[in-house]
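Given next are the chains, with one letter for each unit.
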Amino acid sequence: MDGKPGATDTDRFATLHEAAETLLDELSERYLVERRESKEPLGLDDALVRTVRLIPRMPTAAPLAVHFIEPGLAIRLGRWWMESLPACACETCAEDPAILADRLRTHTDALVEGGLWERVRRGLSGSWFETRLIGTGVKSGREGPLSAAGARDARRGGFAAPIQWAPWQRRSL
């Protein structure tokens, strides 16, 4: 702790990194995916962080990216679903690493099962992305604004109409 109100010892989230490593290994072994590891920034001015991407060989299945940040993880499902685990690492919020590891697995299972839906919506004030994740233990949706260039790129990528991502293809035994 650094003496600030709400500050926390972020070492308690180390188990979250371990859970992500285990999950990525399991998914790489079980499904037809390409595993890519790199160092990249999360945002324009951010430091480089270790990133592991699992890209299904079937282009109709959504990719997964796990960014190993401090104190936890940032995950990206498909094109727009982004989530930080934990959302807040302070003692007041007291997010439990075991519950966060379960959320990581639940959300990833929904993605792998084909439970991610995404699209671009045009409006008078600009374009928005919409995304929904539905699976065992999760039913959630998000939306947010897109820049003109982002909306154009998304429409070129086929996101003008809703896209229901396909389930990941299993490796044959």
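Here the structure is a predicted model, which is why all the values come from computation and not from measurement.

Rules behind the numbers
- Residues numbered from 1 in each chain as written.
- Predicted model: local features only at pLDDT ≥ 70, side-chain atom pairs only at ≥ 80, totals over all residues.
- Heavy atoms only, no water.
- Phe/Tyr/Trp six-rings, centres within 6.5 Å; stacked < 30°, edge-to-face > 60°.
- Helix = DSSP H or I, 4+ residues; strand = E, 2+ residues; numbered from the N terminus.
- Buried < 20%, exposed > 50% of the residue type's maximum accessible area, 1.4 Å probe, protein only.

Caption draft 1: Quick peek at the packing of aromatic side chains. The tally for this structure, following the rule as stated, stands at two aromatic pairs. Relative to tryptophan 168, the ring of tyrosine 31 has its centre 5.7 Å away and its plane inclined at 80°; by these criteria the two rings are edge-to-face. Here tryptophan 168 lies in the segment after strand 9 (163-164) and tyrosine 31 lies in the loop between helix 1 (14-30) and strand 1 (33-41), a separation of 137 residues in the sequence. The exposure class assigned to tyrosine 31 is buried, which follows from its relative accessible area of 8%. What makes tryptophan 168 buried here is its relative accessible area of 5%. Judged by centre distance (5.6 Å) and plane angle (15°), the ring pair of tryptophan 80 and phenylalanine 129 falls under stacked. Here tryptophan 80 is found in the loop between strand 4 (73-77) and strand 5 (81-85), whereas its partner phenylalanine 129 is found in strand 7 (residues 126-135), with 49 residues between them in sequence.

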